[in-house]
Structure formats: structure tokens, C-alpha cells
Amino acid sequence: MKNFDITLSCEDRPGIVAAVTARLAGLGANIAESNQFWDRQTNRFFMRISFTAPAESTSGEIEQALASVVAEFGMETALIDRSRKPKIIAMVSRFDHALLHLLYQIRVGWLDAEVVAIVSNHEDSRRTAEIEGIPYHYWPVTKANKAEQEAKLLDLVEETGADLVVLARYMQVLSDNLSNRLFGRVINIHHSFLPSFKGARPYQQAFERGVKVIGATAHYVTADLDEGPIIEQETERVTHAMSVEDLVHTGRDIESRVLARAVKLHLESRVMLNGRKTVVFAKG
């Protein structure tokens, strides 16, 4: 048997689940997991189905079998063949904690993916790439060459067939053009202090204000800096006894975990865009 995931969204009305599952049953498919959500405010219906199908099944045959249902309900769909390992381009600057955690989770099998390239505006992670056997692209970014370097990234995505670009603490703002071109395919991680501190030395600012909670947010990249649809978040309590360095270490640990979880959710087709928000069908 082969494993597939399908996600679909459309205006809600009776008969959607029955129509889709009946077609899958007609193909000899067996449903392993099913999740659904009705957004009452927009009357939008979201569904994710994991299923097995006979080994000779192809994505084209499944899409053809569902074509009339998709047309009838005006569905937006995505079908993923799980026999193909997803490909990732990881981007990093100097702080490599999130990158190293991603690579470790791939090595131990928790993340089923392949990092096909590491892109950086610094040389710091080249040794890591060499150890892992991953091509390393050192592309310094300036105002003068930003458009050129982003064009090279788009070419690399096309050349490698990358499914996802992960900003693992990549400290360069992507242009509006690139953010729009790759919308829904770029995930970023950043701290999320309560209250939020922007600009330089956020941990120092947080320390000086005596924050009691810090955290991290993973989201899809949009033209609005750090305001894209949120995939995953985590917070942790801190105390007055902690130094700036303690806050930094705690923050890096949270960032690494949150980014890895967001990447896993995306690669397993568990995240669906719902306007400025997301629908996340977490497992279990």
C-alpha cells in the first residue's frame, strides 16, 4: 500500500465528507486519519485525510477520481504522495541553534525530510554543512545585491525541487516580492516576548523591563514583517533571578523546539491557510 495525504477547503454545505470518502473508497483506499473544521465566521470548511491506497495508485489517478467532486464543491485541494521525501532549504545567519536542532531531528527520524541546501549570509555554518554532507551557499546580502541574491534563492528552489524554505534564525528581511512568490512555503521563527520588544537586543530590553514570560512564534513569511499566519507558539515563565544570558539560553531552546514542530506540522500537511490565520490539525 502507498500512503497519501489530502487537504481540501471549500464553502461549507452538506455532503462534502460523504462525497470525498466515497470516491476514495471506490479506489480501494483505507482512511487512516481524518480531521475537519468548520469556520462559522466565514462558512469555510477545512479537511485533512491520511489514507492508504493500492501500491499501483498514482497521484494523477486519485486526482482524476476526485475531479468531479472538487468541481462540484469548488474545492481547493492538495494531494501529497508520502513515498516522496520532502525537501528543505535551510537559511541561517550566525546563531545556529535552530538549524542544529532541525538537522538532529531529521537524523533521528522525527522529521521525515531532506535538507538539500543551507544558505547563509555568513560563513559560520559551513563546517556544519560539510559534516552533514549538505551543499552550502554563502551569499552575503547588501542593499546593492539583495535582489540578485533573492533571485539566486528562487533559482535554487527550482533547481532542488525544494518544498519548503526554513528561516532558522536567518537575520535578513525577505523582500515583498520574494515573500509573495513563496507564500505558504517559507517558515520563520522569532522570539515573542510578552510584551513584545522589537529592534536591537530584545533580550536586554526584556530583562530591563522584568518580563515574566518569554516565548517563540513560528509563522509563514509575508510582506508584513513577523506578522504572517501563525503555525506554532510556546511560552515559558522566567523570573527576576534570571540574567540576560539566562533569558537568551531559554529563548534559544524554545525557538529551536517551536521551529521544528512548525516544520513537522507543515511537512505532514497539517497546516491549512485560513486568511490571515491557520487551521492546524495536530496529531493526537
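Criteria and thresholds
Residues numbered from 1 in each chain as written. Predicted model: local features only at pLDDT ≥ 70, side-chain atom pairs only at ≥ 80, totals over all residues. Heavy atoms only, no water. Salt bridge = Lys/Arg side-chain N within 4 Å of Asp/Glu carboxyl O. Helix = DSSP H or I, 4+ residues; strand = E, 2+ residues; numbered from the N terminus. Buried < 20%, exposed > 50% of the residue type's maximum accessible area, 1.4 Å probe, protein only. Core = buried A, V, L, I, M, F, W, Y, C linked by side-chain atoms within 4.5 Å. Contact = heavy atoms within 4.5 Å. Pairing = 2+ DSSP bridges. Axes fitted to C-alpha atoms, helices over the stretch in contact; angles between N-to-C directions.

Trainee: Mind showing me how you'd approach the pattern of salt bridges here?
Mentor: Two side chains bearing opposite charge may form a pair once their charged atoms approach each other closely. Under the criterion given, the structure shown has 20 salt bridges. As a salt-bridge pair, Asp-124 and Arg-94 come within 3.8 Å of each other at their nearest N and O atoms. With a gap of 30 residues between them, Asp-124 in the loop between strand 6 (114–120) and helix 4 (126–132) and Arg-94 in the loop between strand 5 (87–92) and helix 3 (97–107) connect regions that are remote in the sequence. Residue classification places Arg-94 among the exposed residues on the basis of a relative accessible area of 53%. One salt-bridge network, held together by shared partners, links Asp-5, Glu-33, Arg-48, Arg-82, Lys-264, Glu-268 and Arg-270.

Trainee: Can you walk me through the nonpolar core in this structure?
Mentor: It is characteristic of soluble globular proteins that their nonpolar side chains tend to be buried jointly. Counting 44 residues, the largest nonpolar core has Leu-102, Val-115, Ile-118, Ile-187, Leu-259 and Val-263 as its most contacted members. For this core, the secondary structure elements donating two or more residues are strand 5, helix 3, strand 6, strand 8 (164–167), strand 9 (186–191), helix 7 (202–209), strand 10 (213–220) and helix 8 (244–267). Among the elements that make up this core, the one with the highest residue count is helix 8 (eleven residues). With residues up to four places along the chain from it excluded, the contact list for Val-263 reads Ile-88, Leu-102, Leu-111, Leu-164, Val-166 and Ile-187. Grouped together as the second largest cluster of nonpolar side chains are 20 residues, Leu-8, Phe-45, Phe-51 and Ile-62 included.

Trainee: For this particular structure, what's the right way to read the sheet that holds strand 7 (residues 136–138)?
Mentor: Picture the strands of a sheet paired through backbone hydrogen bonds; they go either parallel or antiparallel. Taken together, seven strands build an open sheet; the order of strands is 7-6-5-8-9-10-11 and the sheet is mixed. Two strands in the sheet have a free side with no partner beyond their single neighbour: strand 7 and strand 11 (230–237). When strand polarity is set aside, the average angle formed by the axes of neighbouring strands in this sheet is 15°. One ladder, built from three bridges, connects strand 8 with strand 9; its direction is parallel. Within strand 9, the residue paired with Val-166 across the bridge is Ile-187. Of the strands in this sheet, strand 5, strand 6, strand 7 and strand 8 are in contact with helix 5 (residues 146–160), which crosses strand 5 at around 155°.

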